[in-house]
Structure formats: structure tokens, C-alpha cells
Amino acid sequence: HNFSLKDLIPVWISHPDLIDYFDIDWDDLSGVDAIKMLKINPAFIEKINLNKYKYSKFDIAKILEDFHQYPQIIDKINLESLDHFSIRTLLLKSGTKYIDKIDLSKLKVVDWLEILKSRPTLREHCDIEIFNTGDMFYLIKLISVFPDLDYMIEEHKDKITPLGWETLLIQDPEKYVHLCDFEKLSKKNWDAITAYRPSLTNIRNRYII
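This section reports on the structure supplied with the text. (Residues numbered from 1 in each chain as written. Predicted model: local features only at pLDDT ≥ 70, side-chain atom pairs only at ≥ 80, totals over all residues. Heavy atoms only, no water.)

**A closer look at the overall build of the protein chain**
Part 1 of the reasoning: Within the protein chain one finds twelve helices and zero strands.
Part 2 of the reasoning: Reading the helices (α) and strands (β) of the protein chain from amino to carboxyl end gives α-α-α-α-α-α-α-α-α-α-α-α.
Part 3 of the reasoning: Dimensions of the protein chain, computed from the C-alpha atoms along their principal axes, are close to 85 × 30 × 25 Å.
Part 4 of the reasoning: A burial count over the protein chain gives 41% of its 209 residues as buried.
Part 5 of the reasoning: For the protein chain, the proportion of contacts with a sequence separation of at least 24, taken over those separated by at least 6, is 46%.
Part 6 of the reasoning: As presented, the protein chain carries roughly 12,400 Å² of accessible surface, and 49% of it is formed by carbon and sulfur atoms.
Part 7 of the reasoning: With 28 positive and 34 negative side-chain charges, the protein chain shows a spacing of 5 Å between the two charge centroids. (Helix = DSSP H or I, 4+ residues; strand = E, 2+ residues; numbered from the N terminus. Buried < 20%, exposed > 50% of the residue type's maximum accessible area, 1.4 Å probe, protein only. Contact = heavy atoms within 4.5 Å. Areas by Shrake-Rupley, 256 points an atom, 1.4 Å probe, with all protein chains shown as cover. Lys, Arg positive; Asp, Glu negative; His and termini not counted. Charge placed at Lys NZ, Arg CZ, Asp CG, Glu CD.)

Structural data, given as C-alpha cells:
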């Protein structure tokens, strides 16, 4: 019977030993079929040229996520060409395993925040100065992971939004109450703060009637 790959792949997924009974034209695999074959057996990477396929950035990220434990597959990917989303995926899954082969400068603040929340040991590879620009809320989120960076709040206190002060005062009122410009806070901010920190009600009453 002239079976197609579409017919056979579901069978091979359950019975990979049956692959030996069929002749496979490895050069004729589609990009999707190539990944399906690798999921059946990562060792098939020796027969598959991943670089000849055009995958979307989301497909690449999925490949990194699925096969990060298989260096023989990851090494077939041009890691220097990865975008920030794929680099973040690889770091989250593999830590420092491939860190010397990727361009960390492509990572954005939001990428580093997600990475460091899950893998704080990667902090030494992050240029913390990138949190000094743009939205200070990312800096506040970073400090919730690394409290020792709290000195950066005083350096940038004039840039912090009401929502940022709300978060900080809920997080650690004793540390930040002397830095906060209470004039910035609205009734909504104070309602959220005092719901978690009722000890700050007296200060609230000075600014909200």
C-alpha cells in the first residue's frame, strides 16, 4: 500500500519501532513533518536538515521549548539569529546551557523580568541598568525578586507612577513610606493600599477627605 507520511506519523507516534519497515524520503519532509518525526525520535536529527525550513518565530520558540534537552537538535539551529522571544524561551528552559551562543543584547526589559523571576541565578548575565529606563513599574517588579536593589527606587522616585507607589507601599511600607510623594496617590490607590496595610490609614486621612 502506498502510505503517505500523513497516514504513517500517527502510527509511528504509538509504535516507533514500525518506522524500520518503511522507506522514508527524508529530503521530502515538510517543516511540520520534520518536527513530528523529531518528536517520535530526536535521533532523527541526523537525517533532517532543520535549516532548510522557514519556521515562524513562534515555531522556533516551540522547537526550543520541546527539544531544549537535546543538544543535537538545538545545535542545528542558528542561535545567533534568534529573536528576543525565542532567546527568552531558551533561557527559561535551559538556563545557562546555551548562553554563550545567543545574543543577550536582544532581550528587552520584560524578557529579563520573566527570566529572572523563574531563574534568579541568571542575574549575573543581566545588565540591570536596562531597568533604569522606560517604565519604572518593571523596576518595581524586579525589586520584588531582588530586594537588595531597593536603592534604585530612591534614585528614580520622581519617575514612579501612582500605581508604582501603591505596589511599593503594599510590598514594604516601612521601607518606602519616607520616599513616597503622597500627593500623587488617588483615593483608588489609597483604598488598595489600606486594604493590605491598614496601619497606613492615618497617613491616608491626611490626603484623602
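**What to know about helix 11 (residues 187-196)**
Part 1 of the reasoning: Three or more residues of helix 11 are buried, namely Asn 189, Trp 190, Ile 193 and Thr 194. Down the axis of helix 11, the sector holding all buried residues measures 115 degrees, keeping them to one side. Along helix 11, exposed side chains directed more than 90 degrees from the buried face belong to Lys 188, Ala 195 and Tyr 196.
Part 2 of the reasoning: Elements in contact with the buried residues of helix 11: helix 9 (162-171) and helix 12 (201-207). (Arc of directions from axis to C-beta.)

**Concerning a negative patch on the surface**
Part 1 of the reasoning: A grouping of Asp 127, Glu 129, Glu 154 and Glu 155 is seen on the molecular surface, where their side chains present a negatively charged patch.
Part 2 of the reasoning: Secondary-structure assignment places Glu 129 in the loop between helix 6 (109-118) and helix 7 (136-145). (Patch = residues over 30% accessible without salt bridge, like charges linked within 9 Å, V, L, I, M, F, W, Y side chains within 5 Å. Salt bridge = Lys/Arg side-chain N within 4 Å of Asp/Glu carboxyl O.)

**Some words on the packing of aromatic side chains**
The relative placement of two aromatic rings is captured by the distance of their centres and the angle of their planes.
Part 1 of the reasoning: Enumeration over the complete set of coordinates arrives at seven aromatic pairs.
Part 2 of the reasoning: Ring centres of Trp 26 and Phe 44 lie 5.1 Å apart, and the angle between their planes is 55 degrees; on these two criteria the pair is classed as tilted. With Trp 26 in the loop between helix 1 (5-14) and helix 2 (31-40) and Phe 44 in the loop between helix 2 and helix 3 (57-67), this pair connects stretches of sequence that are 18 residues apart.
Part 3 of the reasoning: The exposure class of Phe 44 is buried, given its relative accessible area of 11%.
Part 4 of the reasoning: Following the ring pairs from residue to residue traces out a cluster consisting of Phe 182, Trp 190 and Tyr 207.
Part 5 of the reasoning: The aromatic ring of Phe 146 is capped on one face by Arg 123, whose charged end is 4.7 Å from the ring centroid. (Phe/Tyr/Trp six-rings, centres within 6.5 Å; stacked < 30°, edge-to-face > 60°. Lys NZ or Arg CZ within 6 Å of the ring centre and 35° of its normal.)

That is the geometry; function is a separate question.
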